[in-house]
Every structure is written in C-alpha cells, then in structure tokens.
Amino acid sequence: LGPDQALMRAVAVLVIACPCALGLATPAAIMAGTGAAAKAGILIKDPQALEVAHRVSVVAFDKTGTVTVGQPRLLGVWQPQKRPLASGAEPVDALAIAAALQSGSEHPLARAVRHAQPQTPHEATDVQAEPGRGVSGWVDGQTRWALGSTRWVATLTQDLATEEAQAWLAQQSQAGATVSWLIRWAPQGGVELVAGLAFGDELKPQAAPAIARLHALGIRTVMISGDNQAAAQAVALQLGIQDVIAEVLPNDKADHIKRLQSGGAVVAMVGDGLNDAPALAAADIGMAVANLDGGTDVALQAAGITLMRGDPLLVPAALEISRATSR
C-alpha cells in the first residue's frame, strides 16, 4: 500500500468518524485568524477577504494619506517674471486668491492653502469642483479664476508650456512635490497663468519598511496616483515601490485595478479616501486606512479589511495572518 493510498484511506476514516470536528476546523481557523488580526489593529469585516488575502500577488497603494502622512503643506509660490498676455493688471496676491477658491473644500491641498493663508480679503462665488482636476470660480464677482492640476491647466492655456514654467515644474516634481497652477481668464480674452503652488507631504516612517516586507513576501508593489509622473516616481523611488501609474483621475483608478487583474494578478488595493472607494471595491481585497482626519467613511464601507491605524506595516501583517490562517 503506497503512502498516497494510505493517506486517502486515513482521511476517509476521519471524515466518517469525526465529521463535526472536520466541519468546525475551517470556521475555527477563520475565527482564530480574525481574532489575531483584531489584536494587531486589523478589522476583517468580510471572512472571505481573509481566505483570499493569502493569494495576493500585487498590492496597489494610493499615495496621499496612505504612504504619506496626508497633511501636505505649502512649500512655495512661484509667479512668472513676465505675464504672457501683458494684461497690465496690478500684481495679485496669488495665495489669497487660491485661499478664496478653496474656502469651501476639505481636500488636503485646500487645507494646506488655508493653513498658509488663514484669512483672505477676497470672496469666491459660483465655485465648481472638477474631481481630480481642480476648482474654478469667480473672485470678487469680477474675474474668473481656476486652481488645478498640470494636466488640466495645460488644456486651458499654453502659458504652461513656457520654458520658465516647465523648469519650475521639473524642479518641484523631481523633489516629489505636488504642483497646482493658478490661472485667470483675462478681460480681453484668453487664459493667463498667474502662479504655481508647490505642496509637500511627509512620508510615513513605516512606509518604506512595509514595502520592503511585501517584497520579502514575494509581492509586487504599485502606486496609483493623480500626481504627474515625475513627482509620483520620485516618491516611489524613496519608498522602493516597483511600479508607478501616475496622472490617474479618481474615476479611472478602478480601471487600472482591473487591468492589473486581467494579467492574472490577485490585487489588494490600499487607500484612505473617497476617491479610492471604486478601486477598493474593484480589487480582490480592499484595505481601507482609517485615518483620524476623517473623509474615509466611503472607503471603509467599500473595503473588506480596515486598518485601524494609519500604519502601512499593517498591510503585510494582514497578508501574513491570512497565510497563517490558510495553512
């Protein structure tokens, strides 16, 4: 009698003799795994997530609030030396205009602007938010202004293509800063570039060790960001993240998750904000980071696993617990 046949007969005897014990083995293991995860600060809402997580081969990270602290600060304001339209208007306080446009927004960059400019003499009306792009509105009822991303502003004015603007953008992007541009619609027609605002966000100290731990587990890492390619690449390089998908609009994040899955990967998505909810739902495993500054309710609802602390090391910990539970 060979060992394979002997094992099969032994299992048959166990199944017949101990059906209750064998039937309880799986739920008991899952309960033990969820309990161990809870002690570590990992809330597993969906038991299926624990069962699938051990097969994860790719972990995709959002940037702001996930691998960064999520509290960007204004690093500087740049204004071109020569106004392309030669409008003749008096110099403006670009930061005060930006603060007026962002007065009603809870976006992290808006909070950074308001922190740098707590009060502004200007009032913005008819403000319209463009998700993933920026915001526009009328300031003091006289001039239409907009504050937005490089990708969006480049479609509105050619001033962004000037050598001066591109040199400043390259400098900030290489440093890993996020750049927004302030533009206005000139009375005589056309759109004028008025200023650039650079924002920096501190990396979480646990982010790089978490990425290294995932790589040690044989898991590929990806960062999906709305930032321009150079800025996102600079952050990824500091953390050791292997692949970067940049300049992604919020609604497109889920599509990129599906593209990763189409290659046969089992994908876990880690995010903390409203914009991440569709991607969290599309991933095989959604991991929502419960940051203390709010704005994560939708993400928490969409994810099967909640990381109760904003600690990236909980990501590999959750996968290791799943592997142990599966074994």
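An account of the accompanying structure is given in this report. Note that the structure is a prediction, hence the values are computed from the model and not measured.

Each value, and the rule that gives it
Residues numbered from 1 in each chain as written. Predicted model: local features only at pLDDT ≥ 70, side-chain atom pairs only at ≥ 80, totals over all residues. Heavy atoms only, no water. Salt bridge = Lys/Arg side-chain N within 4 Å of Asp/Glu carboxyl O. Helix = DSSP H or I, 4+ residues; strand = E, 2+ residues; numbered from the N terminus. Buried < 20%, exposed > 50% of the residue type's maximum accessible area, 1.4 Å probe, protein only. Pairing = 2+ DSSP bridges. Axes fitted to C-alpha atoms, helices over the stretch in contact; angles between N-to-C directions. Core = buried A, V, L, I, M, F, W, Y, C linked by side-chain atoms within 4.5 Å. Contact = heavy atoms within 4.5 Å. Expected span 1.5 Å × (residues − 1). Arc of directions from axis to C-beta. Phe/Tyr/Trp six-rings, centres within 6.5 Å; stacked < 30°, edge-to-face > 60°.

This part covers the pattern of salt bridges. Across all of its chains, the model carries 8 salt bridges by this definition. The salt bridge involving Asp 62 is made with Lys 253; its shortest N-O contact spans 3.0 Å. Here Asp 62, found in the loop between strand S2 (58–61) and strand S3 (73–78), pairs with Lys 253, found in helix H10 (residues 253–262); they are 191 residues apart in sequence, far enough to count as distant. Note that Asp 276 is salt-bridged to Lys 253, the shortest N-O span being 2.8 Å. Pair noted here: Asp 276 is in the loop between strand S11 (267–271) and helix H11 (277–282) and Lys 253 is in helix H10, with a separation of 23 residues, a long-range link. Overall, Asp 276 belongs to the buried group, its relative accessible area being 2%. For Lys 253, a relative accessible area of 6% translates into the label buried. The network of salt bridges with shared partners includes Asp 62, Lys 253 and Asp 276.

Strand order across the open sheet formed by 7 strands is S1-S13-S12-S11-S2-S9-S10, with mixed pairing between neighbours. Two strands bound the open sheet, and with one partner strand each, they are strand S1 (42–44) and strand S10 (243–245). Adjacent strand axes in the sheet meet at a mean angle of 20° when their direction is disregarded. Two elements, strand S12 (residues 285–289) and strand S13 (residues 305–307), share 3 bridges in a ladder whose sense is parallel.

To continue, consider the nonpolar core. Membership of the largest hydrophobic core comes to 39 residues, with the highest contact counts inside it found for Ile 42, Val 59 and Ile 285. No other element matches the 6 residues that helix H13 (residues 314–326) contributes to this core. If we skip the residues at most four places from it in the chain, Ile 42 touches Ala 37, Ile 305, Thr 306, Leu 307, Leu 314, Ala 317, Ala 318 and Ile 321. One finds Ala 98, Ala 99, Ala 124 and Trp 145 within the second-largest nonpolar core, a separate group that totals 20 residues.

With respect to topology, 6 strands assemble into an open sheet ordered S3-S8-S7-S6-S5-S4, the strand pairing being antiparallel. The open sheet has two edge strands with one neighbour each: S3 and strand S4 (124–130). With direction set aside, neighbouring strand axes in the sheet form an average angle of 20°. Sheet analysis places S3 next to strand S8 (residues 191–200), joined by 5 bridges and oriented antiparallel. Residue Gly 76 lies in a different strand from S8, and its bridge partner there is Ala 198. Each of S3, strand S7 (178–185) and S8 touches helix H5 (residues 108–116); the most contacted strand, S8, lies at about 95° to it.

What follows covers the pairing of S8. Most of S8 is tucked away, with 10 of its 10 residues classed as buried. Of the strand pairs in this sheet, S7 and S8 are connected by 8 bridges, and their pairing is antiparallel. Residue pairing across strands places Ser 180 opposite Leu 197, the latter belonging to S8. Between the end of S7 and the start of S8, which pair antiparallel, lie 5 residues, with Gly 189 showing a positive phi angle near 105°.

Its 12 residues place the ends of helix H7 (residues 163–174) 16 Å apart at the C-alpha level, agreeing with the 16 Å of an ideal helix rising 1.5 Å per residue. All buried positions along H7 are accounted for by Ala 165, Trp 168, Leu 169, Gln 172 and Ser 173. For H7, the angular spread of buried residues about the axis comes to 130°, placing them on one side. Facing away from the buried side of H7 by over 90 degrees, the exposed positions are Glu 163, Gln 171 and Gln 174. In this structure, the buried residues of H7 make contact with S3, helix H6 (150–153), S7, S8 and helix H9 (229–239). Of the residues one or two after H7, Gly 176 is the one with positive phi, at around 85°.

Next up on the list: unusual backbone geometry. With a phi close to 60°, Asp 140 is a non-glycine residue in the positive phi region. Residue position: Asp 140 is located in the loop between strand S5 (134–139) and strand S6 (143–148). Judged by its relative accessible area of 36%, Asp 140 falls in the partly exposed class. One non-glycine residue with positive phi stands out, namely Glu 247, at about 55°.

Our next topic: the packing of aromatic side chains. By the definition in use, this model includes 3 aromatic pairs. Ring centres of Trp 78 and Trp 168 lie 5.5 Å apart, and the angle between their planes is 15°; on these two criteria the pair is classed as stacked. Of the two residues, Trp 78 is situated in strand S3 and Trp 168 in helix H7; the sequence distance between them amounts to 90 residues. We note that Trp 78, like Trp 168, is buried.

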